[in-house]
Each structure stands twice: as C-alpha cells, then as structure tokens.
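Summary of the model geometry
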Amino acid sequence: MEHHSAQLIACHDCDLLQREIPLKKGCAASCRRCGAVLYRNATDSIDRTLAYTLAAAVLFVIANLFPIFAIEVQEAGSEINLFGAVQSLWDKQMHSVSLLVFLTTILIPALELITMTYLLLPLKFRHIPAGSYILLGMLKIVKPWGMIEVLMLGVLVSLVKLTSSFKVIPGIALWSFAALTLLLAAAAATFSARDVWERLDSKGDKEVAA
Amino acid sequence: MTGMNSAAEQGLCSCHVCNLVSRLEQGTGQAHCPRCGASLHYRKPGSVARCWALLISAYILYIPANLLTIMETGSLLKYRKDTIVSGVVELWKTGSWGIAIVVFIASVTIPLLKLISLTLLLVSVQRRSRWRPRQRTRLYRLVELVGRWSMLDIYVVALLAALVQLGNMATVKAGPAALAFGAVVVLTMFASMQFDPRLIWDPIQKEST
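Criteria and thresholds
- Residues numbered from 1 in each chain as written.
- Chains lettered and ligands numbered in written order.
- Predicted model: local features only at pLDDT ≥ 70, side-chain atom pairs only at ≥ 80, totals over all residues.
- pLDDT = per-residue confidence, 0-100.
- Helix = DSSP H or I, 4+ residues; strand = E, 2+ residues; numbered from the N terminus.
- Domains from an automatic or database assignment.
- Contact = placed C-beta atoms within 7 Å.
- Nonpolar A, V, L, I, M, F, W, Y, C, P; charged D, E, K, R; others polar.
- Pairing = 2+ DSSP bridges.
- Axes fitted to C-alpha atoms, helices over the stretch in contact; angles between N-to-C directions.

With that settled, consider the confidence of the model for chain B. Residue and element names in this part refer to chain B. A residue-level look at chain B finds 94% of positions with pLDDT of 70 or above and a mean pLDDT of 90. Within chain B, no element has a lower average pLDDT than helix H7 (residues 198–208), which sits at 81, and none a higher one than helix H1 (residues 47–67), at 96. Per the prediction output, this complex has pTM 0.90; the corresponding ipTM is 0.90.

Written out as structure tokens, the structure is:
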C-alpha cells in the first residue's frame, strides 16, 4: 500500500497533500492552496513532443551552420554565425563569457534535443530506453539553462542596433532561430514528464511480471 | 485528511525528480525514491543558507556589473564606452524606444526584481512570517520565470563584438562588465533554484494544527 500512494500528490510549491483527480483532455489541475499547476492532461503528449523535438533538431542544425546576419559598409563587411561569436569572444580572452554563451545556446539545447529524442522515440514504440531514469532527472536540471528564446531576442536587439550604422543582411540562421524558438516553446508546452513516468511505471511492472 | 495537511506532516515526501510521494523512513540515513532512486528530502537541504550565500555574491558583483563598461564602440568618427544604463539611454535617444524598453526591462528591472524579491522571501522565511503566503509563492514563481531573460545583454554584446570588426571603420569590444553581469545572472538563477517555496508555508501549517 505504501508503495502505491501514486494517487497522492504533494504540491511542489507549498507541499499540500492532495488526491489526484482524473482530468479531461487539455485541462490542468492546480493546487487548491497556492494555485501552482500540479499536472495537466496533455493530448498525445509523447507523440506531439517527439514531433516538435525532431523538427526543432533539424532547425537547430541549420541555425548553427548558417550565418545569422551580415553587415556591409563601404566595401568592407563581415558575417557571423553562433559558434563564430563564441570563438571570437574566446579569442579576445573573455573565456567565461564565451563559455556561458556556448553552454546556454549551443551545448545545453543540443543535449536537451538529443535526450528528448533518445527518450521519446523508443517510448513511442513501447520500449524503455536504457538510463531513462537518470536522463529524466538530468533533463530537469539542465532545462532552465537552455536559453534559445533569450538569444532570439538578443539577435533582434542586435539587428536594431546595427541598422543605425550598417547595411544589415539577414541570414538563413535568423529565420531558423525564429522558427526554432516557436518549436521549442511548443515542445515544452506539450511535454509532460508525468506521462513519461507513468509509461515507465506500467512498462516496468509488465517486465517484472513477464 | 480533510484539512490542509502538508506531505511532510504526514511523514510523506515528494520526490524532486519524479514527484512520486513516498513515506520517508526515520533514522535510516539517506533515503531514496522507490521509483527513480533520487535522494529524498522533506525540504531542499541547506536551502536558506545556500540561497543567502549566492544572493550576497550576486549583490557584490552587481556593483561592478553596473559601474564598469559593458561595450566599447569605436569608429572613425566617434568612440564611446557604455555601461548597461548608458547603453539603454543611448538607445532611447536614438529613437529606438521599443528596444530601449525591452533592454531596460531585461537588464535593469529583472536583475533588481530578482535581488529584492529573493531578499524579501529569505527574510520572511527566516522570520517564519505568515504574511500573504500565496502572494509570496507567486512572487517566487515570477522570479523563476523571468530570471533567464537578463542574459539578453550578454548575447547582444557577444553578437556585436564578434560581428563588428572592420578595423578602422568600426569595432565593438566587450567590456569587463559583461563578465560581472553574466555572473550576476548565473548566481541569481542558482539562488532562486536553491530557495524552497515550501518553507513559506511551513509556519502556516504549525498555526492550523
């Protein structure tokens, strides 16, 4: 009995102990004391998140391969991609800032996309990928540090600052980052860790029974 | 079980990784979640002390972040050094009001909001205050939500410094404040992660029983 207190839920913000109730599709349950969202019944959470994640992964590669924008002024000009910006900061002895930009806009988003695909693709076909417990925990830790949407805003602000003195040519990566921001937001909105845990639980029980 | 009971009062503990509620056994040392194996705690260990340490470091670095130069811009005609605030003022003067407001919110309002809110939350938790727990929890959620947007200035400086390197014509260089400001953002993010909002509700629990 003690192991199967799954119908109990404690609010992550105020620790109020409550009973889970079944939800209609697309609804969310919130804590009756502090109002925090406890869980939601996302429609086809795994399928949809996987679709958004795969699309985002393709755009992420494009966004990193092509220039974000280029400037031109009297014959001279230069163009930049994201890794170029990281490298240039590193070369100018701004190691920590360079590292910060690299982690938050390249490494962690990449890790997040790879981990999500690795977890969700097998789950869709009813397999449990190895190490999924550790990976779900890791995903929760790194999530706040992926900052593509903030970078997108930074790109827009830079664009406005540059147009006052240069002729600016937007690159392919600019559009890719814009679409990537939307896809990541969609993936975050449809992803429900609770569904993944439930899927893991039910598969685990069956494997034990078999 | 009809009243407002916290899980901790019932000897139950919610796993911080998978949210499974399980009974924490007394005196067995380190307890682990039966589902995912993560270590279990009623509250984040050392929450208040760690949060204070990170917050105080952030306050200290906030000073150089605002006093030193974040960006140097040089061209044939003019040369200027900008701090965070003077950069916003310059944007405003050149007529980019919308962008000036966005940068002002991200680089001035949000860091200040985070520092002040976390101080308020920590002090109120330490005094075991029962003042407006719902609003304080909401404040905490807001801090968690908007914190990341302060990175904006770092990205702008990184992009401009890498792109504008046209010799005599125009150059942009990142200044030392970029490092200090980046550190403030990272430290306040860690601080808000260390803070445990359930501490806000613990004194209220005591009262109702």
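That was the structure; now back to the text.
Okay, the environment of Arg19(A) next. Position of Arg19(A) among the secondary structure elements: in strand E2 (residues 17–19). As for Arg19(A) and Tyr52(A), which are separated by 33 residues in sequence, their C-alpha atoms are 32 Å apart.

For the rest of this paragraph, the subject is the domain arrangement of chain A. Entries for chain A in the domain assignment read domain 1 (1–41) and domain 2 (44–193). Relative placement of domain 1 of chain A and domain 2 of chain A: their C-alpha centres are 32 Å apart.

Taken together, the contact pairs 52 residues of chain B with 51 residues of chain A. For the side of chain B that touches chain A, the secondary structure elements donating two or more residues are strand E1 (12–14), strand E2 (21–23), helix H3 (97–126), helix H4 (133–146), helix H5 (152–163), strand E5 (170–174), helix H6 (176–194) and H7 of chain B. When residues of the side of chain B that touches chain A are assigned to their parent elements, the largest contribution, ten residues, is made by H5(B). Across the side of chain B that touches chain A, the residue classes break down as 36 nonpolar, twelve polar and four charged.

One key point about sheets: their strands pair by backbone hydrogen bonds, in either a parallel or an antiparallel sense. Residues and elements named next belong to chain B. Across the sheet, which stays open at both edges, the three strands sit in the order E4-E3-E5 with antiparallel pairing between neighbours. Two strands lie at the open edges of the sheet, namely strand E4 (79–82) and E5, each paired on one side alone. In this sheet, adjacent strand axes meet at a mean angle of 10° when their direction is disregarded. Relative to E4, strand E3 (residues 71–75) is paired through four bridges, and the arrangement is antiparallel. If you follow Thr73 over to E4, its bridge partner there is Arg80.

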